[in-house]
Structure formats: C-alpha cells, structure tokens
Amino acid sequence: MAKKFIALLAVVTMVGAGALFGQEKGLGTLTLDKKNYPLKQAVAFETTIDDEEAIAVVASGRPVPGEKIKEAREKDKEGRDTDFEKPFLKLVFKKTGEFKHWSAAAGSMMVGRHSGKATGELKMENGRVSGKASQPLETEGILPSGFDVRFDVALLKAGDSPPATVVKPPGPAANVKPTVTGVFKGNGKDANLAFVSARWGEPFSGKTGIVLVFTEKDHSKVKKPDFDANFGKFGSALIISLHEDGGIYGCQIVHTAHKKQGFSSIGNMEMSEFNFADGKVEGELRTTGEAEFFGDTWEVNLKFVAPLGEIPKEFQVPEEKKAEEKPAPSDSTRKPAATDSDADDDDDDGDTTAAQPKATGLNVKELALTKDATDVEYKKVVEHVVFKSKSDVKKVCTELAANLKAQGWTSDGPDMIQPQSSILKRKHGKATLTIFVKPEGGGSQVQMFTEGLSWDM
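Residues numbered from 1 in each chain as written. Predicted model: local features only at pLDDT ≥ 70, side-chain atom pairs only at ≥ 80, totals over all residues. Heavy atoms only, no water.

Caption draft 1: Geometry of the overall build of the protein. In terms of regular secondary structure, the protein is built from four helices and 29 strands. Within the protein, counting contacts between residues at least 6 apart in sequence, those at least 24 apart form 58% of the total. When the accessible surface of the protein is totalled, it reaches about 20600 Å², and 50% of it is carbon and sulfur. (Helix = DSSP H or I, 4+ residues; strand = E, 2+ residues; numbered from the N terminus. Contact = heavy atoms within 4.5 Å. Areas by Shrake-Rupley, 256 points an atom, 1.4 Å probe, with all protein chains shown as cover.)

The structure is reproduced here in structure tokens:
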C-alpha cells in the first residue's frame, strides 16, 4: 500500500507584477495512488455550489489562469467539475468556514467531489483567507489518497472578475541555445539526453500543438526528428506532444536499455514551470518516481529551454474551431470524476453530487461489460459502474475494448495499459467513459466513470 503521506502547502509570498490573479507561491505535495505531486501555486475565489455560497481554494502545480476561475464558477453552479491544470487539489468551504469537500487530479488519476474523513477550517480577514485541511491517507479505495494542507491566500470576491491572462505574442524564435539537463533512466540505466528541439505540430482537439524532442545524438539537421527518434535513430529519446499551456497529450519513450522500444505512456509524465513566451519554450518534465510498462521501467527529471517562434499558418486553429472543440482528453485535461472511487450510494460522509444532464440514448444497464463480470454495482448517485473479473488486467482491457467497440463506442484519447493500473477512455455521442482497471485477488477490479448515460433503472 501507499507509504505514509505528508503534505504541506505554505502559501505566503505574492508573485511579482504581471502574474495571474491571486497566485501565491507555496510548497506542497499531493499524493494519489502512491505517487507524490508538487503543488506550487494557489488561488481562492468565491463561488456557488449546490445553490449555496462557498469559497474554493485551488492548489496547483502551475498558475491558474483567470479564465479557469471564471469557468469554474460557471461549472460549480451546474454541479460540474473543472479541468484545472494537473496536478491540483481543490478545497471547498462554506462561507462560515466549515469544510465541505475536496477533489484532486494528477497524472492519469482523479478523485472527484469527496469528503470522507477530511477535516478543515477557514477564516477571512483583510481580503484574504487562511486555514487548513487534512485527509488521512485512505487506502481502501481504488486510488489511495490523502493530504495535509495549510494556506494563506488573497480572495477573489463573487462580484469581482479575474483579469484575463495576458498572452505575449510569440514573435520570431529567440537566439537561445537549446539546452537540456537532468535524468532519463531506463531499467536503472541513465541515458545522456544532450539535445532538445521544439517545433509546432498538428493541432490536437482544437488547440495548437507543440512537439518537443529530446535525444542522445544531434538531430538538429532533421526537419521532423520525432519520426526518426521514435525508431531509435538518435539513441535514447523522449518525444513529448503538448499544448501551449503545458498540458501533455502525447509521450513516446525510447531507451536503449528497454526491451520494448518506442512505447507510449502519457499517464506518468508531468510538466511544471512551463512557459512559452519571447520566442522560446522552457519547463521541467518529470515522472512521479519510477514508472513501469510491462516489465520496463523508466524515470524522467529534466529541465529544458529551446527556441520556438510564431505558429505557421498551416498549424493555426481557427477561432470558430476552438469554440467547437472540447478540451483534449489528455492527462492534463481529462475530466475529474464526480466522486471518489470508494464512494457508495448509501454513504453518509457528506459526499454530494448535483444532478447531471442525461443522454436520452443508451441506458447504463445496456453498457457492455466483460462476459465474466461479477459483483456488478450500479452506483446511481455517483454514476459509477463497478464490477470484478477473474481475468488479468490486460485481458480485461482487451475484452472491454472489443465489446465497447461493437456497441459503437470509440476511443477518446490514448489508452494507458499497464499490469498494475490501466485506463481506457471511450465516447459515444455526448456520452463518455473513463475506465480504471486494477488487479485484485488474482483477477481484476473495474470501475467505470460515466457521463451522459441514462440512469433510469
């Protein structure tokens, strides 16, 4: 099980001029499923949840744009969650200072609106809120989680609008030398990633894309080095696809010490201190400890800077296209679930979920499962389906993928299939599924987070 979790968020220093609203620098850690995620920024704002005035405190790995605060307020009124940049921890309090619930997401993992054994307190004074909240490490659910947080942050009042994020024009590529430093290990062996480049890629989910290529050998004379790097032509390599906000939606790992070359695994990679401005892109790329893929292990902790100029016309996304497309179903934008994985219909621990608009099509009882599914639970309050299988994780994922495809479901982003924890994402019209599969008792446990299905049973 997870190691003892200790996290501290001390937000005491204001960010300098030009920063996003209310950003407070701090130091903290979020732990989900045995992995630790640093939290370096925090904001607080008044909002309305469940028809009640509330205060939300969001601690994140990156600054929270004002547009996200506006979006969060709108979604809070509708009982929906907001896709803050991961990792993040959202604490919700009543105006009286009483703690209501929390939610969090990091990597490929998420914990939706949940209270459990969490406690907290908050007080307002001189335009700021300060307080604390703690959650003992819970290991009974599918995602062990916990936190211990203290905060002191400026409060955005309900009648005040956060300023729009100021986006600097990219201009030509800066005259900076591409540099990369840090660690890239495969099966315990280090690879010297000495070269990095950045270029614009094909738009993904209605947003412009950036391709970062890290290699052992010089690839500067190749126009699109990511293709050759994926086949090991430049030695060990990392190919990262991300958006301008640092959200990762693609990750290819190539290491000469691996038995499997060129595999994909976005669920284990995090970007922090990311910035694209003044003709260059820079940031910190890391895995949350050592990651595994079917027997191969790898670990990443890199800092980089590379020139990157204006977006070519062929890669620019029309404004109407941006408005139509939904956010990318990547690790940085996947929707948090409505509640934690161990929330039951008859729980009396304070968990709440507002009613969601339902699709008029597929009923949840018609949802394809595995043939040997047992202990099936339809948790209507949280819109989760939970069941068990005697097969291993890989076989369950294969059968589920085939059964759902036959039912008309299509992929909603890349799957992450690993023996210890796998994730499948599917869509069917306006309905979506996020499926977690984990080993249990010689077989597997499956939890399906549903949105847009009919729950009339």
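Caption draft 2: The arrangement of unusual backbone geometry in detail. A cis geometry characterises the amide bond from K86 onward to P87, with omega recorded as -5°. We note that N187 has phi near 50°; this positive angle belongs to a residue other than glycine. Looking at the secondary structure, you find N187 in the loop between β13 (179–186) and β14 (189–190). With a relative accessible area of 30%, N187 lands in the partly exposed category. With phi around 50°, D375 is a residue other than glycine that occupies positive phi space. With respect to the helices, strands and loops of the structure, D375 is situated in strand β24 (residues 374–379). (Buried < 20%, exposed > 50% of the residue type's maximum accessible area, 1.4 Å probe, protein only.)

Caption draft 3: Inspection of helix α1 (residues 66–77) at higher detail. With 12 residues, α1 extends 17 Å from end C-alpha to end C-alpha; this agrees with the ideal 16 Å at 1.5 Å per step. For α1, every residue scored as buried is listed here: G66, K68, I69, A72, R73, K75 and D76. For α1, the secondary structure elements touched by its buried residues are β5 (41–49), β7 (88–94) and β12 (145–156). Directly after α1, the chain includes G79, whose backbone phi takes a positive value near 75°. (Expected span 1.5 Å × (residues − 1).)

Caption draft 4: Representation of helix α4 (residues 393–406) within the structure. Across its 14 residues, α4 extends 20 Å between first and last C-alpha, which sits within 8% of the 20 Å expected from 1.5 Å per residue. Every buried residue belonging to α4 is among V393, V396, C397, L400 and L404, and all of these are buried. Projected down its long axis, α4 shows its buried positions confined to an angular sector of 95°, all on one face. The exposed set on the far side of α4, more than 90 degrees from its buried face, consists of K394, K395, T398, K405 and A406. Of the surrounding elements, those touching the buried residues of α4 are β25 (384–389), β27 (422–428), β28 (431–440) and β29 (443–451). The N-capping residue of α4, defined by a side-chain oxygen 3.3 Å from the backbone nitrogen of K394, is D392. G408 sits one or two residues past α4 and shows a positive phi near 105°. (Arc of directions from axis to C-beta. Polar contact = N/O pair within 3.5 Å; in protein donor to acceptor, adjacent residues only side chain to side chain.)

Caption draft 5: Structural detail: the sheet that holds β29. What the six strands build is an open sheet, ordered β24-β25-β29-β28-β27-β26; its pairing is antiparallel. The open sheet has two edge strands with one neighbour each: β24 and β26 (410–411). The sheet contact formed by β28 and β29 spans nine bridges and is antiparallel. In the strand pairing of β29, P439 is matched with S444. (Pairing = 2+ DSSP bridges.)

Caption draft 6: Looking closely at the environment of D412. Inspection of the secondary structure assignment puts D412 in the loop between β26 and β27. Note on D412: relative accessible area 11%, which makes it buried. Through-space distance from the C-alpha of D412 to that of K427 is 5.7 Å; in sequence the pair is 15 residues apart.

Caption draft 7: Fine view of the pattern of salt bridges. Applying the stated criterion across every chain yields a total of 15 salt bridges. A salt bridge links E46 to K157; its shortest N-O distance comes to 3.6 Å. Taken together, the positions of E46 in strand β5 and K157 in the loop between β12 and β13 put the pair 111 residues apart, joining distant regions of the chain. By relative accessible area, E46 is classed as buried at 8%. Linking K388 and E440 is a salt bridge whose minimum nitrogen-to-oxygen distance equals 3.3 Å. Of this pair, K388 sits in strand β25 while E440 sits in strand β28, placing them 52 residues apart in sequence. K388 sits in the partly exposed class, given a relative accessible area of 33%. (Salt bridge = Lys/Arg side-chain N within 4 Å of Asp/Glu carboxyl O.)

Caption draft 8: Structural detail: the sheet that holds strand β18 (residues 248–254). Strand order in the open sheet made by the five strands is β15-β16-β17-β18-β19, with antiparallel pairing throughout. At either end of the open sheet lies a strand with only one pairing partner, and these are β15 (195–204) and β19 (263–264). Two elements, strand β16 (residues 207–215) and strand β17 (residues 237–243), share seven bridges in a ladder whose sense is antiparallel. Its bridge partner being in β17, V211 is matched across the sheet by S241.

Caption draft 9: Focus on the packing of aromatic side chains. Going through the model one piece at a time under the given rule, you end up with nine aromatic pairs. Centre to centre, the rings of W200 and F276 are 5.3 Å apart; their planes meet at 80°, and the pair counts as edge-to-face. Pair noted here: W200 is in strand β15 and F276 is in strand β20 (residues 269–277), with a separation of 76 residues, a long-range link. With respect to class, W200 is no different from F276; both count as buried. Centroid distance F436 to F449: 5.2 Å. Interplanar angle 50°. Geometry classified as tilted. A residue pair is termed long-range when its members are at least 10 positions apart, and F436 in strand β28 and F449 in strand β29 qualify at 13 residues. Exposure remark for F436: the relative accessible area of 1% places this residue in the buried category. Here K365 stacks its cationic end above the ring of Y378, 5.0 Å away from the centre of that ring. (Phe/Tyr/Trp six-rings, centres within 6.5 Å; stacked < 30°, edge-to-face > 60°. Lys NZ or Arg CZ within 6 Å of the ring centre and 35° of its normal.)

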